[in-house]
Structures are given as structure tokens and as C-alpha cells.
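An overview of the molecular structure
Spelled out, the chains give:
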4 protein chains.
Amino acid sequence: MSFRSGRLEREMPEEVAKFISSLDVDLQIFDEVVLVNAAHLTSLERMGLMDSETLDRAIKALRSAHPSALPMTDYKLEDVHMVIEEYLKSAVPEAGENLALGKSRNDAVAAAIRLRLMRYIAELVSEGSCLAEALISKARDHAETVFPLFTHEQVAAPGTFGFVLTYHASRILKSLRILKSLYDDIAESPLGAGPVGGTSVPHDRSALSELLGFKGPLLNALEASSSRDFIITYLGALCRLSVALADLAEEIVRYVSMQLIEIGDEYCSTSSIMPHKRNPVVAEVARTIAAKALAGMTSFTAIITRRFGGYVLDLQESTRHIWHPSTAALDSMRVMKGMIAGMRVTDAAVRAVHPMSGITEFAALLALNRKMTFRRAHGIAARLSRLLASGAGISEVIAEGRALGLDDESLSALSDFLKPEKVVWSYKVKGSSHPDEVREACDLLMREVESLRSWAEAELEAREKVRTRLLGKA
Amino acid sequence: MSFRSGRLEREMPEEVAKFISSLDVDLQIFDEVVLVNAAHLTSLERMGLMDSETLDRAIKALRSAHPSALPMTDYKLEDVHMVIEEYLKSAVPEAGENLALGKSRNDAVAAAIRLRLMRYIAELVSEGSCLAEALISKARDHAETVFPLFTHEQVAAPGTFGFVLTYHASRILKSLRILKSLYDDIAESPLGAGPVGGTSVPHDRSALSELLGFKGPLLNALEASSSRDFIITYLGALCRLSVALADLAEEIVRYVSMQLIEIGDEYCSTSSIMPHKRNPVVAEVARTIAAKALAGMTSFTAIITRRFGGYVLDLQESTRHIWHPSTAALDSMRVMKGMIAGMRVTDAAVRAVHPMSGITEFAALLALNRKMTFRRAHGIAARLSRLLASGAGISEVIAEGRALGLDDESLSALSDFLKPEKVVWSYKVKGSSHPDEVREACDLLMREVESLRSWAEAELEAREKVRTRLLGKA
Amino acid sequence: MSFRSGRLEREMPEEVAKFISSLDVDLQIFDEVVLVNAAHLTSLERMGLMDSETLDRAIKALRSAHPSALPMTDYKLEDVHMVIEEYLKSAVPEAGENLALGKSRNDAVAAAIRLRLMRYIAELVSEGSCLAEALISKARDHAETVFPLFTHEQVAAPGTFGFVLTYHASRILKSLRILKSLYDDIAESPLGAGPVGGTSVPHDRSALSELLGFKGPLLNALEASSSRDFIITYLGALCRLSVALADLAEEIVRYVSMQLIEIGDEYCSTSSIMPHKRNPVVAEVARTIAAKALAGMTSFTAIITRRFGGYVLDLQESTRHIWHPSTAALDSMRVMKGMIAGMRVTDAAVRAVHPMSGITEFAALLALNRKMTFRRAHGIAARLSRLLASGAGISEVIAEGRALGLDDESLSALSDFLKPEKVVWSYKVKGSSHPDEVREACDLLMREVESLRSWAEAELEAREKVRTRLLGKA
Amino acid sequence: MSFRSGRLEREMPEEVAKFISSLDVDLQIFDEVVLVNAAHLTSLERMGLMDSETLDRAIKALRSAHPSALPMTDYKLEDVHMVIEEYLKSAVPEAGENLALGKSRNDAVAAAIRLRLMRYIAELVSEGSCLAEALISKARDHAETVFPLFTHEQVAAPGTFGFVLTYHASRILKSLRILKSLYDDIAESPLGAGPVGGTSVPHDRSALSELLGFKGPLLNALEASSSRDFIITYLGALCRLSVALADLAEEIVRYVSMQLIEIGDEYCSTSSIMPHKRNPVVAEVARTIAAKALAGMTSFTAIITRRFGGYVLDLQESTRHIWHPSTAALDSMRVMKGMIAGMRVTDAAVRAVHPMSGITEFAALLALNRKMTFRRAHGIAARLSRLLASGAGISEVIAEGRALGLDDESLSALSDFLKPEKVVWSYKVKGSSHPDEVREACDLLMREVESLRSWAEAELEAREKVRTRLLGKA
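Everything numeric here is computed off the predicted structure, so don't read it as measured data.

Topic: the overall build of chain A
Check the secondary structure of chain A and you find 24 helices and 6 strands. A compact globule built from 474 residues would reach a C-alpha radius of gyration of about 23 Å, whereas chain A, at 30 Å, exceeds it by more than 25%. For the C-alpha atoms alone, the extent of chain A along its principal axes is close to 100 × 50 × 45 Å. Looking at chain A as a whole, 66% of its 474 residues qualify as buried. Counting only contacts in chain A whose residues sit at least 6 apart along the sequence, the fraction spanning at least 24 positions is 77%.

Encoded structure:
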């Protein structure tokens, strides 16, 4: 790299250059670095440091910059910033040679990362809304489909499959809501901050911010050029989304394993040796993404913590690990959407709801009728459960109930509560698995889907406009 | 535990009971569990399932419940919920025996954890504002104090100490802002959701929510009783705050090590064997908290991911690790506040700003005057730097500048830019380390301090009112 | 603390002292610190720096030191080293005042941690051998018990329950073997290294090592006093053991959930609201320990990495998190041992082995007979599987087989391979789930149990002897 | 993929196929999968299931298989195993169509991963020995070079630079020793285990093991095909090595920052905006590798824990993250070796050793002479330190010493101990920074270098022989 030689006598050997280069991951921010450079040159022109004709030629050159045509594996260029500077120096020398006038790689890369994350957030919210919609749509179909609910991984109570699906949709939508709430924190412009403590080149930082579609400049120059705090909360929110997705995937693997649901052939593989196998491989891969997001968090946080002063190359290494979990979450949502749409509940599902699992509401009834305290009712129900668990028939259980002092009215209610399909209609609280509650939840959640989706679409459009404004029509 | 025997024949051996018990960490949520039970009983009374006299006696008993007087190490009681139920059963049997009427430990513990985190957030925001204020106050004193700025841990540019301090204050305040933004997500009430899919006991969930000072009920009963997603984003925000604090602590350790600043004796220890040592132990401990927060995130996320169905005991184990990083952050801020207040900049600080570190702005000047492109100016400045680095005097550097073709005007400017105290006044962009920018930043940041602090105080007061309303005057 | 005042003028406030103190976790190494001090004083006496009568009195005082009688919450004393020094200073002044003569807290605490880990390893190996024995013993009982084997969490092949249990035993034993292999790496003595680079007090480091039962001195003084590398590999091995234990616990939760096995009431809890529940809570808690070990690794490694120079207080904070996962693993093994012993296989287990899961071996047979390549046989078997999966009866499958060109001999074999109890006897390779292989594995694994156990017992005994030699009979 | 259609009706869409494919990382094990297939075919031939002529042709085809010529981005093939099967099916049909006869991807991929890790260990030990040798060689040159030793990041005692370097060499070598000790645990052959519980194809597992250069078969088929425990301890050892390397890199960054050492231009970069910068970028990148290894551990362990049954696709995802930290460690060692060789100590180093840092040994002297207890001597030395720290001259300190009651002999010794270059020769214990100790350490460590290196070379050679034996000359 040409400017190296002014300060350092000896060249970097190839293997050393490769060791410190970020070129292998810079593709993720290539477009954003181009935008940042376009904004920078526009600012120079506005300050009268570049004539408009030169700017036009430079913008045109930037517009046609494509990574595939640039030396993205020439490690001696260190990073994408230098690749683009070299490119522009040969295309429009006066522009290329002033790319670092009041702009450092420190503020430029921070700006590019922020723009990229803004895009990721909009994409995640957009894709996530579609997955949530698929869940809600399927939930509406299954508002009355009786399905076992589990605690401690044992059948706990009768419920509905629609209820389970709205549970997943709700969790995903809340994660998206949090991701969206981080947008403004990320959308602060570091540009114009210089390498560490400012610059004597009088860039108008507000104008730079506006050019790139940021919400406003991030004031403190040291923070602008070196803080990556915004990535930590982004990764935190990504972990949350990923856990919600992993739990959904886990349940699919398990329900398939228990034969409570079936998924389409397109989402299964078989075995190269065991011809009968039908493996839910998509869900298996999808359930690993929470661990991947966590590893991103670990790598990132462990690298950047106890940082001293302004920019250090550790920051470059920290960013290396934030893209993979982002795309993994996007891909998972894209793929799961279709899997959800094709999911079917089997006949075995209702059979899996053990009759004794309704006995909790029977115990509640005894207490609601004020015949006894709940703790006593619980004790009686426990004894009946033990009988049921041991395989006793209904008449035997009724007899035992009578022996335990239950009156006829209670015993008749007992028979009802041993029918799972009756229990789900007995729930009285908001948000239960009662079919009416499931339908209401679907309506509420769809409104959230629409709100999030229109936000995401508006932001993606705004990003597109920034691009057109800075670089012209493609 | 009495209700165990209805379903299970054999007792749990002591060592097994201890293994599955959460009593050792339940102290963290003791007060909150008491509040949740008070709200539950109030709800029962409103439904006509308990008379008001019984309620009064039960509330009185709850008000006087203190962990020190309860069997908090009787592991056979499993957890704080059972300890309180046993206590109330003996104090006011009709109340104690109905604590589980339409209330499970699943929704109750979720409610208690949320209330506790709401309190932690308010406390962190409150304490963090005080630390930020100490930084801003010190920054104001040092708005003009010349201090080295580092990149790559090497002196990079002249700056001001006030600028460095506002950088830390800004990062901390943004983390607090994010923590505050998570409040409403956490302040959803799980109460009334039942153990997994609702209950036939007609609790008014909105009323329960209001009684406890939540923002409203968390609708989906499965989510309410088993999702811990809100903790992940809380831990993400805590990681961010902790990284900001760890970086501040790291800089203190380093500046002390480089003798650029001094801290008070109260924050140092000496060695038991090396009598001359003066170790910045407080800052050493404080810089470890980001790793602790990260470990909390790891433990929590790795435990809860790929969860199947509703409540599992894994959730109990996951919560075990979220309190320590919360209190560690609180303690660090409390202790660092005083250390910051007593910090002094030494005479060595200004001497540490190598004259050559101003040469960047000299290069900028050459380009701003349009005498040459920045890349060429950078090349010339690099050659002069090499001379300066090798120990050459100013006259030698001037001579070399002349030989490289610089005119007299430029050479005279060069002399100025070799004086760090002049360079800091040359910065032209918003947010630089220029003294006027530092002062303006102090004003802006103090407004943020006040806004956050008044929010935190209002919330802590609101929490207090909830307590009084539910339990009466202490 | 008395020696503080020589160097530092102002006292540390109580809350600051608490912040930097390690007293809350020092109980873990109390006994070891006592031993280290005893060895140190013995060394002083041997150098002629203390008379033997003083030594005797000091040893006697150390022998009777009990944490409960010492000020273990007086945070101004910083740590256990100072608590013991203060205690000895008042009991035997000449000894107490020379505890730091050529001994720093840096080498002393490293020695104590190493001794404690040596003990943990021996205890883990001892306890783990017992758990493995319980598994092997149960495996022998079930060498012929047909049980489903899963891949991708779907039934994959017929197997035996004994085979599954030897799998778990083998994994646990290998983890113990690795832990044991780290013993010598840990058993290097840092004592006599001084605070960072040696000492002019001529301690005989080999003698000190021998006194404490180390294998020999850790030579480099900087490494001895500040490296914690040995803990990383210890935690790595602990993670491995914990993953093996978590997988065992997970399988128990699942097999119970699928009703393939039953576990004793002593290892279950019920629900406070759902009277019918029977929750495998012990296994639920046990399966979280891998995440806890991982969090210990994270916290530890993230704190200590990028360490500069010798001892820093960060090291104190790093150790804080290694004890919990160690005791969690010990407790899990102790509790699971009993749960394993009482485990029963249900009648449902054999029914869970879907007949089509034997078809892999039928396909193999076709290829072994060289009637066709395996890939072709696999294709035929896949078609038959599809029929079986759709609920077709055996005659229908035979008909389809004939239509696909299978001869009578093959068709007759097919019927056999649809009987799981026949398939397990067809396996031909070493280490399969064939009953004879299971029995042979039990023999091999028991030899490993015995070898590990006798090693652990010998080491624990050796530790005891070191104690008696240094401190006399208790 | 052809065999899919037998069992599953619908194709996998491209984006789904990509989602579940491991092809993007399978390059890491390409060579090993080829070897495994060669051994498998050899075993078939030995059982009489393939004639030797077919084997010869198949081996020849395998020998010429190169990833660049194969469809390694045809995601519908799922993974490298299918790519190679498809290739062989078209080259030598009878061989290709029998690749799954008694061999599953489950045991095959486990074998390939183990072989790859064996190679990594040998490479790490080989490369690490070279780095250690560079350190030792430099240490020998600097056995007498006075250099500051730090604790709590403050100057603590006079030492020698050679001592610091042997410290790093020793830590690295011990990590390598541990890596090597894991070799046999990894070198167990899973081949012949079948997909989960054995196979009726009578593979001779011992012969297969020998063919591939394993130490012997891993007996239990479930463990062989699904356990990844060996990777956890591998990653634990890699974390340890990486922490040792990160600490070395950190010290280089810091010593350069404090101008105590200089490193070659080839290992530095400058800034694109700040022409005077000389940044130790290689060391900056190198110090991040411990965090990367930790992230590998996190991702891996969090994915695999709580695994149920045999092979799950999660295992594929877990392996994705173990290669990067392995190559990062290799690259770091390769690059640092040269940086170490060119490192120079500056004149500032000896000046950085504050005279008061020798006072610990003066205090020791007072106690050794039995003039007072060490605690009293420490108090006196603390008072003198305070004077020295405040800038007092030697005569002032002597006067204060006299006032504190020191006799002439002691005062004369004091002057000596204030000369760092004298203090380093005063150390009396083994392993100190005394020049003679440094030289002895160099000798000892070099013997360890040679022992490790010859082991690594022998293993790499053995791997090569396995290749030649199985595939013939390339």
C-alpha cells in the first residue's frame, strides 16, 4: 500500500498481511463503505475542497464499483477501505487521494457497520413478520384443535394447538419489537469524527449524517470512532430472537418425534444407510441458532472488553463474528416459514392428552364451590390421579372419589374434567388456550405483524432512497 | 411438603431435596414473592372466594414475614413459594391453603422475577446517573487539560482529559437509556396465567397487573408462565453497561500505570511482601465485570435454549446466575463514583503527548490550502514523523520539510502543530476534544443525567407505593 | 490491616473494602492456605530463621484455626491470607510476623488453588466411578432388554437398554480419565517463587513442594505466581464430564417423558397446583450442569485473557467462578447414582421400537448376499418402509417386496428383520448393542472403574497424610 | 440425491438444501473423508464383498478426487460424503454403490473429524515448538538484560527480559504438552460402528482402525457414532494455548506502547490518516485469539449439550466452529515467531525499573539478619518507599532510614538494593529472574522443545504413511 512506505521501511510479508487483513469478511460492508465514501466526497465538494465535476466522476466510479472486479484478496491492501481508495485513486485521482481528508478508517468503518446493522434489523423485522404471520395463520386453523400442553416435559394440561402457535408468534414478535427499538441507537452517525479526537477539516457532521440517512451525528469523537456498544445490545436482541426461534424448532423436532405433528417431505432428509428414516433436519439445524448467537456474543464481548483508548485492531476482529448469527437468523426464519405452513396435526395428538391432566380444573372447581380449600382439593385430586396413572378405569376412580367424601355433583363434574376437549372450554382467564382466546390473540398479533412489517418496509425503502440520492440510479 | 404425599409415596432424601432446591438464591425475590401472594389473595377476595376479614389477617401476616424468621434452609420445602405457603398455612390457614387456587409457582415466580428486574433497572439507572455525574463534573474541570489520545494503544493525537471523561459518561448514559427502554417489556404481568394454559379460576388479570404496578397483563398463558426472553435482553443491556464500566476501569488502571493520573489512597492496596506497591485494586476488580455479565449471559442462554413446552426446572437454574452481575454492576458504579471524584491528572500527562502526534492536522492543513492532495501531504508528514520519532530536533525537521518542497507559510504552521496545546484548539468538528466542545458536551450529558435520574426516582417511588397499597404501612 | 498504613495514608471505606475482598469465596481454600503456611514456617525453621519451639507453637495454632472462629467477614482484612496472618500474629507473633518472609500472597494462593483442585479431581474421579458402576450394574441387568435407539431424535434401530447405559458409563469414565491425566500438570508447586520474579530468601523450593505433596516445583517464578493456565484445561475437562452427565440426565427426562422408563418417587416432585404431575426434577436440574461449567469457562477465560505482567487482582475474581461447577458436578453424580440404581424399563419400551427400524439390516443382507449393491437394496427397503410407515400390514409389505423383485429367501428374511428382538442378535461388529457385546463392555468398563477408583482413593489418602505430616493429628 | 427419492416424495428446495448443508465447511475434512472411504472399501474387499480389481480402480479414483473438481456447492448433495459417493458411483459404480454397506455418515464423519484433529494437534505442537524456540533463543540473548517486572500492572520488582521470555515459552510448551496428551483419546476409531448401534456387516473394526492409523477401535457404537466429547477437551486445551499466546501478544502491545521494546516494521502498520502512527497490528490481532477459542468452546458446547440419543444434525453445526480457532492459533504462532526473532529491548527498559522496586529484598535482608521480623522490616521499607515515590533523593532516604533506627550496615545495603541491576543477582530461589536461572531454564525448555518437535514430526510422518498405504503414491 503506497502510504505505508512513508513511515515504515520494510514491507509486510504476504502471510503477515493476510493475518491482519479483514478483507475476507469485508464483503458484508462493501456497499456501505461505498456509500460512506460518496457522502464524504459530497461533503468535500460542499466545503469547496473538490469541484463538482470531479465529484460527479468520482460518484460515477463508486457507483460502478463491484467487489468481484476489485482485488478483494490482495491482503497487502489490508481492508475494503484501501481497496476502494486504490480503485478511486486510479479512476479519479483527485478524489481518491482525498478520501482520507478529515476521514479515517476508524469513523468510516463504524459508519459502515452501523448502516449494515440498520439494514439487518429491517430485514430481520421484515422476515420475522412473515414467519409470525405463518404461525398466526396456522393458529387460526387450529384454534379448537385439542393438543397436549407440557410442563417439566410431561403432559400437564389439555390445550389447543392454536394456543401453542400464538405463543411462538408472540415471542418472535416481541423480539422483533426490541430489535426495532434499538434502531435509533444504532442510527447515529460517526462520520466526521476523525480518527480519535476530531479533525481540523470542517466537515458538517449533521449534513453527513443526513446524507447517509442516519438520525443525527454521534457527538463524542472518541465514542464515534471506537465504541461498539451498540453491537452488544444488538447481539443481545439477536440472542433473544434466536432463542425464540430455537425453541420453536425444538418443539417441531419433538412433536415430530412424538408423532403429534407431521411436516412436509421438503423439510426432511432420509439416511444414507437407514432407508426408513425421515429426519426433521431443517428444524434440527434451526434449533442450533441460539447457541450460534450466544457464541457471537461471547466472541464479540470477550474481544472488546477492557479496551484502552481509541480504535484498536481488536475491533476489526470483533466484528468478524456478528454477521454469521445475523444471517443464520434470517435464513432460519425464511426456511421455517414454509415448514410451518405445511405442518399437520396428527390424530395421535388428542390421544396424547392424558385424561388425568384435566384434574387440576376439577380441584379448582371444588375450591370455587367453596366446599373445601384448594390445598385439600389438590390432595383428593392427587389420590385420584395416582389411580388414573396406574391404569384404573373411570368407575374405579368415581368409587374412590366417593370414598374420599365427594358428593354426587362433584363426581359428575369429575367425569367431565376427564375429557380433555371439555377442559379447554373451561378456562376463564384472558390469554388461556380457550379457543375464543386463541382467536382473539390471532387478531391482536396480526395487528402487530402489520405494524412491524410496514415499519420494516418503510426503512428498507428509505435505505434505497439514500443509495439513489448518493450514487444516482444504478 | 404436605401436598407431595398425595401423589408420591416416598419422601425425597435430604441431599436430593437440596440438589433441586432454589432456596439458596430465593432471597433475591423474597419481597416480590410476598407482594405477588398479597395481590393473589386480594384477587380471591374480590372474586368472593375469601372474606375480607381473612384477607386482612393474611395481609398482616405477609407484612410481617421476614426471611430470617422463616425456614429458608429447609430444603424439603423446595423454594420460597412453599416456605411462604407453609408460613401462611399456619398463620391464616384458609388463606395459606388457597394460595394455589388459580395460581401456580410458574406464573408467580415469573411475576416475582419481573418485579425484581424492574427494581434492578431503576436502581442501575439511578446509580449510573450518579457515576455519570461524577465523570461530567470532573470533565468540566478538565475541559482544557491537554491529555494524550491513543489508538492502537499508541499516542495518536493531542486531546483533553475532559473529552475522555465525557466519552465514558456518554457510553454509560446510553447503556442506561437502553436498560430503561426495556422496562415496559419486563413490566408485563404473568399473574393469573395459571401453570401452563390458563385456569378456570376467573382471576381478573388486568386487576392483578394493576395491583402489582405492572403495565398490563402478558396475555399468552404459556409465554407468561415459561418465557424468560425478557431476561436475555436485560442481560444484553447489562453486558453493554458492564463493558462501558470495564473500559472505564481499564483506562484508570492504565493511566495510573503510565502515571498520567493519580487516584486516592482509599482506592488502592499495597502488597503484603512488596512494601513500595500502590495497587489500583478497585479498578482491577471493576474491569472484570464485563466478563461476569457475559458469563451470566452464557449460563442463562445455554440453559434455556431449546426449551420444550411450558415450565421446566431448568428455568429455576437459569435465574441463579442473573443476580450476581446485576449487583456487581451496581457495586462497581457506587465505588467508582468516589474514585472518579478524587482522581488527579499529573504533570506527566501533557509530556506524554508526543509532539509528532499533531502532524495529522498539519497534513490536513496542506490539503485544505489545496496545495496538494491529502495523500501526498500524508506522505510528506510521514517522512517528517520518521525524523521526529528518531529524536531529531525541530530545526532538523524544518530543514527536511523545506527539502521536501514545503513553502515558508507551511513550515511556520508546522511549528505550531508540533505544540499539542495548540492542536486541541484547531479541531473544527462537533464532538471533538476542543475545550468548547467538551463544555457543550457536559451540558448535554447533564441534561440526560437529570432526565434518567428523575425517571428512576419516580419508578422507585412507584414501587414503594405498590408495596404500601398491597401490604399497608410497614 | 496493619501493614497498609506504612504505604498508604487513608483507610479504605467499608464498602470499598468489601468490593475488593475475596473473603466470601475463600472458604473453598481455607484448609489449603493453612497447609501452605505450615509448609512455609517449616521451611523458615529449616533455614534457621525460626526456632523449632516457635514452629511447634505456630503449627499448633494453625491446626486449631477454624474459619468459624475467625473474622471471615472483616473485609478490611482483604482475604484469607490476612485473616490467618492476623490470627497467627496474635497467637505466635514471631511466626505471624514472618509469614511473608519470602512468601507472597501470589505464590501462596496459587499453591492453595492447586491443592484444592487436586482434591477436587480426586473427589470427582471417586464419585464418578461410583456413578459409572451404578450404570454398569444396571446395564448388566438389561443386556438383553430390547430398547429403541434414536438418531435425529426418531427411532432408528433396535438396540438394548444395557447398550445405552454402557454408552453413558463409557463417556463418563473417559472424562474422568482426562481429569486424572491433568493431575500432574496441576500438582506443580508455586511455593517459594516470591511475588513475581523470585526472592532473596533462600527457600528450598523442592523441599516445600515435597512437604505439600506436590510432584515438584513449578520453576519459572512469574508463571508460578501468576499463571492460571492449569485451570483452563481443568475447566475444559470439567465441561466434558458435565456434558456427559447432562446428556445422561437429558435422556432420563426424555425416556420418562416417553414412558420408556420409570424413576423412583424420591427423585420426582409434583406440582403445587396440578395434582397429577410427577416431574423428574432431579434429572432436570442435572441436565443444566454443562451450561454451568461452560459459564465457568467463559467467566474464567474472559477475565484472565490478555493479562499483562504478573499477578493482577483480576485473578482473584477469575477463581470466584470455578468452584460452583465443580461442586455441581460432584453433587449431580452423587444424586444420579441413586436415581440410576432405582430406574425401571417399562413394557412400552419394546413397543416403541418400530418394526421398520430393522429394515437397515435387511438391506445389508441383500448386499451381503451379493444379490445387489447396497444402494439398490437401500432403495427397495425405502419403498417398503414407506408402506410400513403408512400403516400397511406385513402381508402387504411382502407383496410389495415380491413386486420389487425380491426372491423367497429374501422375503422370508424380511419377516425376521421386522422383529426388533431378532435384529439385536444380528449385529456382527465389536461394540454393538448385541447382548454379548454389552456384557463384554460391562467387564471392560468395570476394570476401568476399579483402576480409577483405586487411584482416587490413593490420592485422597496421600492428601490426608500430607495434612497429618504438616499439622499433626487433628 | 438419488437415494432420497425412495423414502421422500418431494424434493428439497434449493434454499432449504443450502440451509441444512455442511458443504461450506467440509473442505476441512475432505482429505480425511477420502481416506475413510478408502479404508472402508479395503475392508469390503477383505470380507470378500468386493473383488480386488474393483478396489484398485476405486482407490485410484479416490486418489485423484480433488474438491476443486467436484460439485462442492451442489447443496442438494448435502455434504462431502454424498459428493464423494456420487463421484465414485459414476467412476466405479460397484464401489460407489457400496460405500454405505455397513458404514454410515455418522461413524464416517466422526472418523474424519478425529483424523483431522490428530493432524491439527501435530501441527500445533510442531508450530508451537518453533515459536517457543524463538522465545528461548531470544531469552538466552537477554539473560542479563534488566527489565521491569509488573504486578497489578505497576512496576513491582527488577527482573531480566530473558526471564519474561522463558515464562512465555514455558506456558506455551505446557499447553502443547497437554494437547499432545489428548492425542490418544482422539485417536480412537469409530469406523465400523454403523449408524447407531452396530451393523450386521461383519467389518473387522480393529483392522479398519489400523488401516487409518488410529490407536484402536472406540468400542461402544453409540459413542463412536455420536459422541463429540473428545472435541470439548481439545477445545479446552486450545483455549489454554490461545490464552498463553494472547498474553504474549498483549505484553508485546504494551511493551511497545511503553517503549520498552521495539518490533520490526514488517509487523507494524501505519494509519491512513495519521502519518506518524506505527501500530503493532500483528500483536493486536494475535491477542484476540483466546476470545475466539472461547467462542468456539461456547458455540460447540452450547450446541451439543443435552443431546438425546444418537446422531443429530446439531452435531454437524457444532463442528462448524472448531476449525477457525485451530487455524487462528496456528497462524498466530507462525507469524509471531518472526516478530519475536526481530524484537529489540530499548534503553528505556532499564530506566523503567523504579529504584524503589528493589526495596522488598532490602526488607527481606533485615529479617534474614534476624534484626527484626519481616512485618516490621516491611513497615520500615514502606516508609522509605513513600519518600522515594515522592521524589526524594538517596541521601534523604538514608537519613530517614537512620531516623527509623537502621544501623550503618543496613543503610549501606539499602543503597545497593536501590540499584535494579544488583537486585536481580540477589535472588536465591530456583526459577527466579537471576541470570543463571534464566540460562538454566533455557536449557531445560529447549529439551522440551526438542521432545515435542520430534513427536510432532513423527506423527505427521505417520499420517503421511497412512495416506500412501491407503491411496498409493500421489
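From this point, the narrative continues.
Examining the relation of the copies chain B and chain C
One chain copy maps onto the other through a rotation about an axis and a shift parallel to that axis. Superposing chain B onto chain C requires a rotation of 180 degrees together with a translation of 0.0 Å along the rotation axis, leaving an RMSD of 0.0 Å. Classification of the inter-copy transformation places it as that of a two-fold axis. Residues of chain B ranked by C-alpha distance from the rotation axis are headed by B:A295, positioned 2.5 Å from it. In this assembly, 98% of the residues forming the interface of chain B have copies in chain C that are likewise at the interface, indicating an isologous arrangement.

Thoughts on the domain arrangement of chain A
Often, the extent of an interface is quoted as the loss of accessible area upon association of its parts. Parsing chain A into structural domains produces domain 1 (4–96), domain 2 (105–138 + 160–351 + 440–467) and domain 3 (355–423). Taking only C-alpha atoms into account, the centre of domain 2 of chain A sits 47 Å from that of domain 3 of chain A.

Considerations on the interface of chain A and chain B
The partner chain B presents 109 residues to the 109 residues of chain A that form the contact. Looking at the side of chain A that touches chain B, the element that brings in the most residues is helix α13 (residues 229–257) of chain A, giving 15 residues. Broken down by class, the residue content of the side of chain A that touches chain B amounts to 48 nonpolar, 36 polar and 25 charged.

Section: the pairing of strand β1 (residues 146–151) of chain A
For β1(A), the buried fraction is high: 6 of the 6 residues fall into the buried class. Covered by surrounding structure in β1(A) are A:V146, A:P148 and A:F150 together with A:F147, A:L149 and A:T151, the residues of both alternating faces.

Re the interface of chain B and chain C
Residue-level contacts link 54 residues of chain B with 53 residues of chain C. Contributing elements (two or more residues each) for the side of chain B that touches chain C: α1 (4–7), α2 (14–20), α13 (281–286), α14 (289–304), α15 (314–319) and α16 (323–341) of chain B. By residue number, the principal contributor to the side of chain B that touches chain C is α14(B), which donates 8 residues.

Focus: the environment of A:I359
Among the structural elements, A:I359 can be located in helix α19 (residues 359–368). Taking the C-alpha atoms as reference points, A:I359 and A:V423, 64 residues apart in sequence, are found 9.1 Å from one another. In contact with A:I359, other than residues within four places in its own chain, are A:A381, A:L384, A:S385, A:F417, C:P275 and C:H276.

Points about unusual backbone geometry
Excluding glycine, most residues fall at negative phi; most peptide bonds, likewise, are trans. Residues and elements named next belong to chain D. Residues other than glycine seldom take positive phi values, yet Q259 does so here, at roughly 60 degrees. Assignment of secondary structure puts Q259 in the loop between α11 (229–257) and β5 (261–262). Even without being a glycine, R370 presents a positive backbone phi close to 60 degrees. Checked against the element boundaries, R370 lands in the loop between α17 (359–368) and α18 (374–389).

Considerations on the packing of helix α3 (residues 30–46) of chain B against helix α5 (residues 80–91) of chain B
Residue and element names in this part refer to chain B. Close contact between α3 and α5 brings their axes to 10 Å; oriented N to C, the two are set at 55 degrees. Comparing their axes, α5 and α3 come out oblique. Taken as a pair, α3 and α5 cross one another with a handedness that is right-handed. Across from F30, V33, V34 and N37 in α3, the residues of α5 making contact are V80, H81 and I84. By residue class, the composition of the contact of α3 with α5 is 5 nonpolar, 2 polar and no charged.

Notes on the pairing of strand β2 (residues 154–160) of chain A
Residue and element names in this part refer to chain A. With 7 of its 7 residues buried, β2 lies for the most part within the structure. With 6 bridges joining them, β1 and β2 adopt antiparallel strand pairing. Looking at β2, one finds that V146 is bridged to T160.

Here we look at the confidence of the model for chain A
Caution applies to low-pLDDT parts of the model: their predicted coordinates are not meant to be read in detail. This prediction gives chain A a mean pLDDT of 96; 99% of its residues lie at or above 70. Both scores are available for the predicted complex, with the pTM at 0.98 and the ipTM at 0.97.

Some points on the nonpolar core
In this structure, A:V282, B:V282, C:V282 and D:V282 are the most contacted members of the largest nonpolar core, which totals 705 residues. In this view, B:V282 contacts B:Y267, B:V335, B:M339, C:V16, C:F19 and C:I20; residues no more than four positions away in its chain are not counted.

Re helix α20 (residues 408–417) of chain D
All names here are of chain D. S410, L414 and F417 are the residues of α20 that are buried. One face of α20 carries all of its buried residues, which in axial projection span an arc of 70 degrees. Set apart from the buried face of α20 by more than 90 degrees, the exposed residues are D408, E409 and S412. Those residues of α20 that are buried are in contact with α17, α19 (394–403) and α21 (420–423).

Here's the deal with helix α20 (residues 374–389) of chain A
For α20(A), spanning 16 residues, the distance from its first C-alpha to its last is 21 Å, which sits close to the expected 22 Å at 1.5 Å a residue. Considered for burial, the residues of α20(A) that qualify are A:F374, A:R375, A:A377, A:H378, A:I380, A:A381, A:A382, A:L384, A:S385 and A:L388. Residues of α20(A) that are buried in the fold lie against α19 and α21 (394–403) of chain A together with α1 of chain B. One or two steps after α20(A), the chain reaches A:G391, where phi turns positive at roughly 100 degrees.

Examining the environment of C:M82
Tracing the backbone through its elements, the reader meets C:M82 in helix α4 (residues 80–91). Residues C:M82 and C:A110, 28 residues apart in the sequence, show an inter-C-alpha distance of 15 Å.

Re the environment of D:S175
Mapped onto the elements of the fold, D:S175 is located in helix α7 (residues 161–181). Beyond its immediate chain neighbours, meaning those up to four positions away, D:S175 contacts C:D229, D:A237, D:R240, D:L241 and D:A244.

Cut-offs and rules
Residue numbers restart at each chain and count upward from 1, following the sequence in its written direction. Lettering for chains starts from A, numbering for ligands starts from 1, and both go in the order in which the items are written. Given that this is a predicted model, residues contribute local features only at a pLDDT of at least 70 and side-chain atom pairs are listed and counted only at 80 or more, while totals for whole chains, interfaces and linings are drawn from all residues. Put simply, DSSP H or I for four residues or longer makes a helix, DSSP E for two residues or longer makes a strand, and each gets a number counted from the N terminus. Note on method: radius of gyration uses C-alpha positions; expected globular size equals 2.2 Å times residues raised to 0.38. Remark: C-beta atoms are placed from the backbone, and a residue is labelled buried if 20 or more other C-beta atoms sit within 10 Å of its own, exposed if 12 or fewer do, or partly exposed between those counts. In this description, a residue-residue contact is defined by the distance between C-beta atoms placed from the backbone, which must lie within 7 Å. Superposing the copies works by least squares over the C-alpha atoms of residues that have pLDDT at least 70 in both of them. Either an automatic procedure or a domain database provided the assignment from which the domain bounds are taken. Side-chain classes are defined by residue name, with Ala, Val, Leu, Ile, Met, Phe, Trp, Tyr, Cys and Pro counting as nonpolar, Asp, Glu, Lys and Arg as charged, and the others, Gly among them, as polar. Comment: axis = line fitted to C-alpha atoms, over the contacting stretch for helices; angle = value between 0 and 180 degrees taken between N-to-C directions. Convention used here: angles under 35 degrees read as roughly parallel, angles over 145 as roughly antiparallel, angles from 65 to 115 as roughly perpendicular, and any remaining angle as oblique. Definitions for this section: a left-handed crossing has its near helix turned counterclockwise from the far helix by less than a right angle. A right-handed crossing has that turn clockwise. Strands pair, by our definition, only if DSSP identifies at least two bridges between them. Known as pLDDT, the predictor's confidence for each residue is given on a scale from 0 to 100. Residues enter a nonpolar core if they are buried, belong to Ala, Val, Leu, Ile, Met, Phe, Trp, Tyr or Cys, and are joined to the set through C-beta atoms within 7 Å. This arc is taken over the directions from the axis of the helix to the C-beta atoms. A helix is expected to span 1.5 Å for every residue after the first.

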